[in-house]
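What follows is the residue order along each chain.
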Amino acid sequence: MEVAGASATGLIALLEEPSAELQAVALQRIAPFVDQLWYQVAGAVSSLEALHENETFAERELAALVASKVFFHLGELDDAVTYALGAGKLFDLDEKSEYVDTLLAKCIDEYIRQKKNEAEEGKDGSIDPRLTAVAEKMFERCLKARQFEQAIGIALESYRLDVVEAAINESGKATELLDYALKVCHTLIVSMHFRHEVLKLLVKLYTSAEEPDYINICQCLMFLGDAEEVSAIFDRLLRGSEEDALLAYQVAFDLHENEIQQFLLQVGELMAKKQPQEPSAEEGAGGMDAGDGNQGSSSPNCLLSGRYTKLRDIISGTTPIKLHLDFLYNQNHADLQILKNIKSAIETRNSVCHSGTICANSLMHAGTTVDTFLRENLEWLSRATNWAKFSATAALGVIHKGHLEQGRSLMAPYLPRDGASGSPFSEGGALYALGLIHTGHGSSIRSFLLDSLRSSSNETIQHGACLGLGLASLGAADEEVYEDLKGTLYADSAVAGEASGIALGLLMVGSAHQGATELLAYAHDTQHEKIIRGIALGLALSVYGQEEDADTLIEQMTSDADPIMRYGGMQALGMAYCSSGNNSAIRRLLHFAVSDVSDDVRRAAVMFLGFVLCSAPEECPRIVSLLAESYNPHLRYGAAMAVGISCSGAGTNSAIELLEPLLTDAVDFVRQGALLAKALVLIQQPESVTGSFRKHLEKVIGDKHEDTLCKLGAILATGILDAGGRNVTIRLLSHSRYPRMEAIVGMAVFTQYWYWFPLTFFISLALSPTALIGLNADLKVPKLQVQCSCKASIFAYPEPVTTESKVSVAKAPTAVLSTTAKAKARKERESKKQDDGKTEDLAKAVEAEEAMETDDQAPSDEPEIHMLDNPARVVPAQEKYITFPQADSRYIPLKNSSTGIVMLRDLRPSEPVELVASEAPNARAGNASAGGEANPTENEPEPPQPFEYVPPS
């Protein structure tokens, strides 16, 4: 049927007739053409609304549909949705049109919004049943079309766990959808409480699968805090086959990487209770005398007990820390010539750059146990006095980080001793260093640090003891330590109080301790800004990962009249919503960034955006791009650091582009922040990317006219670029994309170097070895090669600096008289005339010589594929090129991973195992070769020839 005269005027007039039959006929005629004639029908929309509201009118649903389409074309989508819902079955969801697609999306958005409100308010049945009907139809359509991912996504956003379960069960590909749901759960769901409900459902579905994915099951249980169930899974796997035991070890390594210390301690304690006792020597002998039957019963018990011991060593961190320590020691490629160049470039009297160089050395050798540079420059090192000596001693803790077995003996010469009085700065720094060495694994030194704190009245020693205790007991929530730290805080000593406030946060990190109100009250009572700042940071650390549960404390801190407490509120927002990408948290931080009256608060608000967005590094440069151009230098600094934190180790182009103009900013501390941030972004990137930045750092350090703050930033950036002997990166998320608590806490405290330089060493907590370590069932490193499908030179170590660099220092322009310039120009014109005939020949000769040099230096064709030995250095950008060889390989990985610690399944267990020979750091006397390479046998004298000693008469 066609529209008569392309006009609906006559039909519209019928809508005003009193006869219901005429009105119905008019609606039936208008409805098919309303999309073409909506502009004419729009004038009668009030009549359509009246007809729909008339409950006695037979075609009231049709009137609603027509009105909905008119409102749709007018752009009034809310009214269009209202009347579309009133149209009932006439609103056909299966219709393929822009109208249906747009309103359906609008309906789903409204349904999601109402479901969220219902969940937050705890009320049921408050949602429009018509919206629910549309959502149900949508879910049915998705399931019929086998669009399971879409159904799961909408269901998770709308709090419909029943739909999630139905979609996974009906799909026939449960494993893929479970992995997809787990990923969406951590990226899409805002409410932490609902996320926990989803994780419980996923655990149930993973467990009911034919082949349960214990790695993901235990990851979910870790976030739920269910240590009992994790220990039960470990017990079941350890009592199974050897492959089950390998799986248990792999799960334990993955859990340890997330660094949730309190949870790991709980699992370790439960496993200790379940571990079977090994038979004593007498029982073993008795069993052998009795016959094979008894021997068979004792042998499996020994095997099971051994498996338990191995797993507990993994959970406690003993095994992974030792593996990483051996890797960093044996693979150390730190270039000492760079440090020598820095030392010669800085002024002797500049204590700031002196301390910065010591810190850069500690970062370059972090975890390698190589302290050659310090041993070779003892006189230069001795210039450090007072707090600089404190920092210099603490730097040893970064170098020997993870050396748990000999940490205390290494620091013994500097530690407080009974009856001997040394420098309090050296002793305090040694206690701090001891905490850095035993970060999160300080059970062996806990008593010593507590005794040192209790026995000393010197605030410098107390400062070091508090920081050491906080680090050693990171996340342990130890009540005895808490009380001692609180006692130090209440002594109202500014120096010791600041450290104890931070240490309380480290101790109770992520626990949302009930003592927050008490600490807040004390912060208002004390007159010391240092103590207030320490408490503010401690409170921020205590709400790590708590999300909406921390909102009450955050509101108290952000509304405080004291700018230092508001500053802590920004930190609390960043820590509570760390890696969540929560829009509400981002909005609040941006609001304070542009509205607060304190520059410190505004700087912190921008900076801690980096923590909220660390799971989506590509988003951070876009969000802070305008702030990076602000007139306020504190905002520019905050934007630079936010990008450095969120994009650390990623090398993203957008981050580099944002930081580039800030490197030449007019304000010194902005340039410092840009240098640090760019080093964070470029760490472990190929030399083709970092080469120009290294030259820029060298230029800044050597420029005598450069500001000290900027020089300090360049020195620290140099240390960060080559951190850990060029074998570590900064990784805030684990390989499974979950936040690493220790790394995030370390980075958060590192940002406070702005106020207190010794806190710079906390960045060492964020360092993660770029290692691929394959282990067999005995947790040993077998000889194995993996394939890297790219040229070896792309990700190779940078070439060492062989000679002392000659830094080009910017000189002031020399004044030149006009007469001198004219005379010089005249001479050049005369010489040019004489040399015109020779110029062409000379150019040809130079070109030929350059061509010959190029041919001589041209490398041979480099293969596109090369092999790496286990353990291998695999930088983040290299991971996608790594594969385990399948053909004729003895070992295959238990899980698909190209980095981290990977358990290997032995396909030929009957053959002898060839292990990698590596020298442990504790086998040496603490020395290293001049080049920084570990080689304890070099320069060793030959033993003397045998001789007979004749004593003098």
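Residues numbered from 1 in each chain as written. Predicted model: local features only at pLDDT ≥ 70, side-chain atom pairs only at ≥ 80, totals over all residues. Heavy atoms only, no water.

**Student:** Kindly report on the overall build of the protein, identifying the contributing residues and their values.
**Tutor:** Of regular secondary structure, the protein possesses 46 helices and nine strands. The long-range share in the protein, meaning contacts at least 24 apart out of those at least 6 apart in sequence, stands at 73%. Taken as a whole, the protein presents about 43,400 Å² of accessible surface, with 51% of it coming from carbon and sulfur. (Helix = DSSP H or I, 4+ residues; strand = E, 2+ residues; numbered from the N terminus. Contact = heavy atoms within 4.5 Å. Areas by Shrake-Rupley, 256 points an atom, 1.4 Å probe, with all protein chains shown as cover.)

**Student:** Can you explain the pattern of salt bridges? Please cite residues and give values.
**Tutor:** This structure, assessed with the given rule, holds 39 salt bridges. Of the charged contacts, one joins Arg694 and Glu687 as a salt bridge, the two residues approaching to 3.2 Å between their closest N and O atoms. The exposure class of Glu687 is partly exposed, given its relative accessible area of 29%. The network of salt bridges with shared partners includes Arg446, Arg454, Asp478, Glu480 and Asp484. (Salt bridge = Lys/Arg side-chain N within 4 Å of Asp/Glu carboxyl O. Buried < 20%, exposed > 50% of the residue type's maximum accessible area, 1.4 Å probe, protein only.)

**Student:** Break down the side chain of Ser580 for me, citing the residues and quoting the values.
**Tutor:** Checked against the element boundaries, Ser580 lands in the loop between helix H34 (563-576) and helix H35 (583-595). Taking relative accessible area as the criterion, Ser580 reaches 17% and is therefore assigned buried. In this structure the side chain of Ser580 is engaged in a polar contact, spanning 2.7 Å, whose partner is the backbone oxygen of Tyr577. From its side chain, Ser580 meets the backbone nitrogen of Asn582 in a polar contact 3.2 Å long. Those residues in contact with Ser580, other than ones at most four positions away along the chain, are Glu547, Val612 and Ser615. (Polar contact = N/O pair within 3.5 Å; in protein donor to acceptor, adjacent residues only side chain to side chain.)

**Student:** Lay out the state of the cysteines in plain terms, naming residues and giving numbers.
**Tutor:** Per the counting criterion, the structure on display carries zero disulfides. Looking at the unpaired Cys185, the closest cysteine sulfur is the one in Cys220, lying at 7.3 Å. Look at Cys220 and you get buried, because its relative accessible area is 1%. (Disulfide = S-S within 2.5 Å.)

**Student:** Report on the pairing of strand S9 (residues 900-906), specifying residues and quantitative values.
**Tutor:** Each regular strand displays side chains that alternate between the two surfaces of the sheet. The element S9 is largely enclosed, with a buried count of five among its seven residues. Relative to S9, strand S3 (residues 771-775) runs parallel, the two sharing four bridges. When the bridges of S9 are listed, Gly774 appears paired with Val902. Where strand S8 (residues 891-893) meets S9, three bridges bridge the pair, whose relative direction is antiparallel. Within the sheet, the bridge partner assigned to Tyr891 lies in S9 and is Asp906. If you look at the hairpin formed by S8 and S9, you'll find six residues sitting between the two strands. (Pairing = 2+ DSSP bridges.)

**Student:** Got a sec to walk through unusual backbone geometry? Specific residues and values, please.
**Tutor:** Glycine aside, a negative phi is what most residues show, and trans is what most peptide bonds show. Here the bond from Asn870 into Pro871 is cis, since omega is -5 degrees, no more than 30 degrees from zero. Examined against the element boundaries, Pro871 turns out to sit in the loop between strand S5 (866-869) and strand S6 (872-873). Positioned with a positive phi, Tyr159 is a non-glycine residue whose angle comes to about 60 degrees. Here Tyr159 is to be found in the loop between helix H9 (148-157) and helix H10 (161-171). Residue Asp492 is not a glycine yet carries a positive backbone phi of 65 degrees. Residue Asp492 is classed as partly exposed on the basis of its relative accessible area, which comes to 33%.

**Student:** Any chance you could break down the pairing of S5 for me, citing the residues and the numbers?
**Tutor:** Alternating residues of S5 divide into His866 and Leu868, all buried, and Met867 and Asp869, none buried. Sheet topology note: the strand S4 (residues 785-788)/S5 ladder contains four bridges and is antiparallel. Pairing of Val786 across the sheet is with Leu868, part of S5.

**Student:** Talk me through the nonpolar core; I want residue IDs and the actual numbers.
**Tutor:** The biggest cluster of nonpolar side chains holds 292 residues, and the ones touching the most others in it are Phe234 and Met747. Looking at this core, the element that brings in the most residues is helix H41 (residues 668-682), giving ten residues. Beyond its immediate sequence surroundings of up to four residues, Phe234 is in contact with Ala248, Val251, Ala252, Leu255, Val267, Met271, Leu311 and Ile315. (Core = buried A, V, L, I, M, F, W, Y, C linked by side-chain atoms within 4.5 Å.)

**Student:** Go over the confidence of the model for the protein, please, and point to the residues and values.
**Tutor:** Mean pLDDT over the protein works out to 84, with 86% of the residues at or above the 70 mark. For the stretch residues 1-5, pLDDT sits under 50, and the model shows five contacts to residues farther than four places along the chain or on other chains. Overall, residues 284-298 carries pLDDT values under 50, and its contacts beyond four positions in sequence, including any with other chains, amount to three contacts. (pLDDT = per-residue confidence, 0-100.)

**Student:** Before we move on, could you go through the sheet that holds S5 and cite the residues and values that matter?
**Tutor:** Sheets are built from strands paired through backbone hydrogen bonds, the pairs being either parallel or antiparallel. Reading across the sheet, the three strands line up as S5-S4-S7 and stay open at both edges, with antiparallel pairing between neighbours. In this open sheet, the two edge strands, each paired with only one partner strand, are S5 and strand S7 (882-883). The pairing of S4 with S7 spans two bridges and is classified as antiparallel. Counted as the bridge partner of Gln787 is Thr883 from S7.

**Student:** So what's going on with the side chain of Asp596? Which residues, and what values?
**Tutor:** By the secondary structure assignment, Asp596 is in the loop between H35 and helix H36 (599-607). Separated by 2.9 Å, the side chain of Asp596 and the backbone nitrogen of Ser598 make a polar contact. Discounting residues that sit within four places of it in the chain, Asp596 has contacts with Arg566, Val601 and Arg602.

**Student:** How would you explain the packing of helix H20 (residues 336-345) against helix H21 (residues 351-364) if you had to name every residue and give the values?
**Tutor:** As a packed pair, H20 and H21 sit with axes 11 Å apart at the nearest point and diverge in direction by 175 degrees. One element, H20, and the other, H21, form an angle in the roughly antiparallel class. Residues Ile338, Leu339 and Ile342 of H20 form the contact with H21, whose own contacting residues are Thr357, Ala360, Asn361 and Met364. Taken together, the residues of the contact of H20 with H21 break down into five nonpolar, two polar and no charged. (Axes fitted to C-alpha atoms, helices over the stretch in contact; angles between N-to-C directions. Parallel < 35°, antiparallel > 145°, perpendicular 65-115°, else oblique. Nonpolar A, V, L, I, M, F, W, Y, C, P; charged D, E, K, R; others polar.)

**Student:** Go over the sheet that holds S9 with me, naming the residues and quoting the values.
**Tutor:** An order of S6-S3-S9-S8 is seen for the four strands of this open sheet, with the pairing classed as mixed. Both outer strands of the open sheet, S6 and S8, are each paired with one neighbouring strand and no more. Here helix H15 (residues 242-258) sits on the sheet in contact with S3 and S9, set at roughly 175 degrees to S9.

**Student:** How would you sum up a negative patch on the surface? Please name residues and give values.
**Tutor:** Judged by side-chain charge, Asp35, Asp92, Asp94 and Glu95 come together as a negatively charged surface patch. Mapped onto the elements, Asp35 comes out in helix H3 (residues 34-41). (Patch = residues over 30% accessible without salt bridge, like charges linked within 9 Å, V, L, I, M, F, W, Y side chains within 5 Å. Lys, Arg positive; Asp, Glu negative; His and termini not counted. Charge placed at Lys NZ, Arg CZ, Asp CG, Glu CD.)

**Student:** Residues and numbers for helix H32 (residues 529-542), please.
**Tutor:** For H32, built from 14 residues, the straight-helix expectation of 20 Å at 1.5 Å per residue is met to within 8% by its first-to-last C-alpha distance of 20 Å. Those residues of H32 that sit buried are Ile531, Ile532, Arg533, Gly534, Ile535, Ala536, Leu537, Gly538, Leu539, Ala540, Leu541 and Ser542. Its buried side turned inward, H32 meets helix H29 (479-490), helix H30 (494-507), helix H31 (516-525), helix H33 (551-558), H34 and helix H45 (741-750). (Expected span 1.5 Å × (residues − 1).)

**Student:** Help me get a handle on the environment of Gly649, residues and values and all.
**Tutor:** Mapped onto the elements, Gly649 comes out in the loop between helix H39 (633-646) and helix H40 (653-659). Residue classification places Gly649 among the buried residues on the basis of a relative accessible area of 8%. Between the alpha carbons of Gly649 and Leu732 there is a distance of 9.4 Å; along the sequence they are 83 residues apart. Here Gly649 is in contact with Leu680, Val681, Ile683, Gln685, Thr729, Ile730 and Pro876, once residues within four sequence places are set aside.

**Student:** If you had to explain the packing of aromatic side chains to someone new, which residues and values would you point to?
**Tutor:** Applying the stated rule across the entire model yields 21 aromatic pairs. Geometrically, the ring pair formed by Phe390 and Tyr432 is stacked, given 5.9 Å between the ring centres and 25 degrees between the ring planes. Of this pair, Phe390 sits in helix H24 (residues 387-399) while Tyr432 is found in helix H26 (residues 424-437), placing the two residues 42 residues apart along the sequence. A network of ring pairs unites the aromatic residues Trp387, Phe390, Phe425, Tyr432, Trp756, Phe761 and Phe762 as a single cluster. Over the face of the ring belonging to Phe448 we find Arg408, whose NZ or CZ atom lies 4.0 Å from the ring centre. Sitting above the plane of the Trp756 ring, Lys530 keeps its charged end 4.2 Å from the centroid. (Phe/Tyr/Trp six-rings, centres within 6.5 Å; stacked < 30°, edge-to-face > 60°. Lys NZ or Arg CZ within 6 Å of the ring centre and 35° of its normal.)

**Student:** Go over the environment of Leu396, please, and point to the residues and values.
**Tutor:** Position of Leu396 relative to the elements: it lies in helix H24. Leu396 sits 41 residues away from Ile437 along the chain, and the two C-alpha atoms are 8.7 Å apart.

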